[in-house]
Amino acid sequence: MNERIQELHKQAVAYALSVCDAAGVYQGREYLQVIREKFAELIVQECAKMVDDDGDAVMALRILKQFGVK
């Protein structure tokens, strides 16, 4: 994995650690599921930001909407 992917994964792990309870659960989802979902969300956000930075805000919004990311 490249460095950016590794950084996004670290962010996802940190997020999961911050929201999961002592049993490793957050909103009915287990720790590893929380990491996977946050990791995917961060990747989608990163891609949409790149598209938006290139001047295509409409496409950036379509990407976010396609994956249900805010």
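What counts and what doesn't
Residues numbered from 1 in each chain as written. Predicted model: local features only at pLDDT ≥ 70, side-chain atom pairs only at ≥ 80, totals over all residues. Heavy atoms only, no water. Helix = DSSP H or I, 4+ residues; strand = E, 2+ residues; numbered from the N terminus. Buried < 20%, exposed > 50% of the residue type's maximum accessible area, 1.4 Å probe, protein only. Contact = heavy atoms within 4.5 Å. Areas by Shrake-Rupley, 256 points an atom, 1.4 Å probe, with all protein chains shown as cover. Phe/Tyr/Trp six-rings, centres within 6.5 Å; stacked < 30°, edge-to-face > 60°. Lys NZ or Arg CZ within 6 Å of the ring centre and 35° of its normal. Core = buried A, V, L, I, M, F, W, Y, C linked by side-chain atoms within 4.5 Å.

S.K.: Looking at this model, I keep getting lost on the overall build of the chain. Mind explaining?
M.R.: Looking only at helices and strands, the chain features three helices and two strands. Helices (α) and strands (β) of the chain occur, in sequence order from the N terminus, as α-β-β-α-α. The C-alpha extent of the chain, read off along each of the three principal axes, is 45 × 25 × 15 Å. For the chain, with 70 residues in total, the buried portion stands at 23%. Across the chain, every contact between residues at least 6 apart in sequence was considered, and the portion connecting residues at least 24 apart equals 35%. Summed over its atoms, the accessible surface of the chain is roughly 5,200 Å², and 56% of this surface lies on carbon and sulfur atoms.

S.K.: Just checking my understanding: could you explain the packing of aromatic side chains for this structure?
M.R.: To describe a pair of aromatic rings, one takes the distance between the centres and the angle between the planes. A complete count under the given rule lists one aromatic pair for this structure. Positioned over the ring face of Tyr15 is Lys38, at 4.4 Å from the centre of the ring.

S.K.: Is there a simple way to think about the nonpolar core in this case?
M.R.: Counting residues in hydrophobic clusters, the biggest one holds eight residues: Leu8, Ala12, Ala16, Cys20, Val34, Ile35, Phe39 and Leu42. At the level of secondary structure, the elements contributing two or more residues to this core comprise α1 (3-19) and α2 (31-53). In terms of residues, this core owes the most to one element, α2, which gives four residues. Beyond its immediate chain neighbours, meaning those up to four positions away, Val34 contacts Tyr15, Ala16, Val19, Cys20, Tyr26 and Arg29.

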